[in-house]
Amino acid sequence: MEGPFIRIEDTGEVVPLRPEITTVGRGRGVDIRLTDPSVSRLHAEFVRRGPYVYVVDLGLSRNGTRVNGRPIARRVLDDGDVVSFGAARGRIGGVPREDFVPEVELRRAAAPELTRREVDVLTSLCRPALSDEAFVAPATAREIADDLVVTEAAVKQHLLRLYQKFRIPEGTNRRTRLANEVVALGLVRPTPVVPPQRAAGTPEQQTSVSRRAS
């Protein structure tokens, strides 16, 4: 088959990607229809720009979109990448092999300036995305408050400012969309697992958020 395509894992079906945009979801009218209940009606889309293909999570599903097991908001794809929509998976093929510059690097300069407390809130928000292979949902405001030992109202105020800074529009799954954007920008990074007997007293080995260099 000429051109980029995706091979659906469950069925083995090979679906060519359209010249511009290919929609993915469980609802009627999408280009690639997946029946798994973890997939939202309009879950994601593939976009082709010249020889490049990238996938965009539309932020409408609590189960998110992952590339090679990592949650994303938007990511340039390479030949052989495995894209997961909830529990449904497919492998990308037909993409010309060359040295891609990851989309996360292209967009990192767009990261807003963050206060120390906003960094703490984002770290706590995204911790589930980095501790579990399957990204289900970020931490709730109550969980973040308990983690940081602050009030839930204070956390909600910080989240409102973060939505504005990262330009996350109002709507459902707003925390998920914020977490996806933060992970895609490379602001949250996992660290090696520390043995239990060594974990105490080493906060620098916990999940950290990198602040953009000023």
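The structure this text deals with has already been given above.
Remember, predicted model here, so these are calculated numbers, not experimental data.

What counts and what doesn't
- Residues numbered from 1 in each chain as written.
- Predicted model: local features only at pLDDT ≥ 70, side-chain atom pairs only at ≥ 80, totals over all residues.
- Heavy atoms only, no water.
- Helix = DSSP H or I, 4+ residues; strand = E, 2+ residues; numbered from the N terminus.
- Buried < 20%, exposed > 50% of the residue type's maximum accessible area, 1.4 Å probe, protein only.
- Contact = heavy atoms within 4.5 Å.
- Areas by Shrake-Rupley, 256 points an atom, 1.4 Å probe, with all protein chains shown as cover.
- Arc of directions from axis to C-beta.
- Polar contact = N/O pair within 3.5 Å; in protein donor to acceptor, adjacent residues only side chain to side chain.
- Salt bridge = Lys/Arg side-chain N within 4 Å of Asp/Glu carboxyl O.

(A) Structural context of the overall build of the protein. Of the regular secondary structure elements, the protein holds 6 helices and 13 strands. Expressed as a percentage of its 214 residues, the buried residues of the protein come to 47%. Of all intrachain contacts in the protein linking residues separated by at least 6 positions in sequence, the fraction that spans at least 24 positions is 45%. When the accessible surface of the protein is summed, it comes to about 11600 Å², and 49% of that surface belongs to carbon and sulfur atoms.

(B) Broad picture of helix H3 (residues 141-148). Turning to H3, its buried residues are Ala141, Ile144, Ala145 and Leu148. Down the axis of H3, the buried side of the element spans an arc of 100 degrees, and every buried residue falls inside it.

(C) Just the side chain of threonine 22, in detail. Of note, threonine 22 is situated in strand S3 (residues 21-25). One polar contact links the side chain of threonine 22 to the main-chain amide nitrogen of arginine 18, over a distance of 2.7 Å. With residues up to four places along the chain from it excluded, the contact list for threonine 22 reads Leu17, Asp31, Ile32, Ala44, Glu45 and Phe46.

(D) Main features of the pattern of salt bridges. Tallied over the entire structure, the rule returns 8 salt bridges. Taking the shortest distance from any N to any O, the salt bridge between glutamate 9 and arginine 89 comes out at 3.0 Å. Of the two residues, glutamate 9 is situated in the loop between strand S1 (5-8) and strand S2 (14-16) and arginine 89 in strand S11 (residues 88-93); the sequence distance between them amounts to 80 residues. Aspartate 120 is paired through a salt bridge with arginine 117; the nearest N and O atoms lie 3.6 Å apart. Taken together, the residues aspartate 120 and arginine 117, both in helix H2 (residues 116-131) and 3 residues apart, mark about one turn of the helix.

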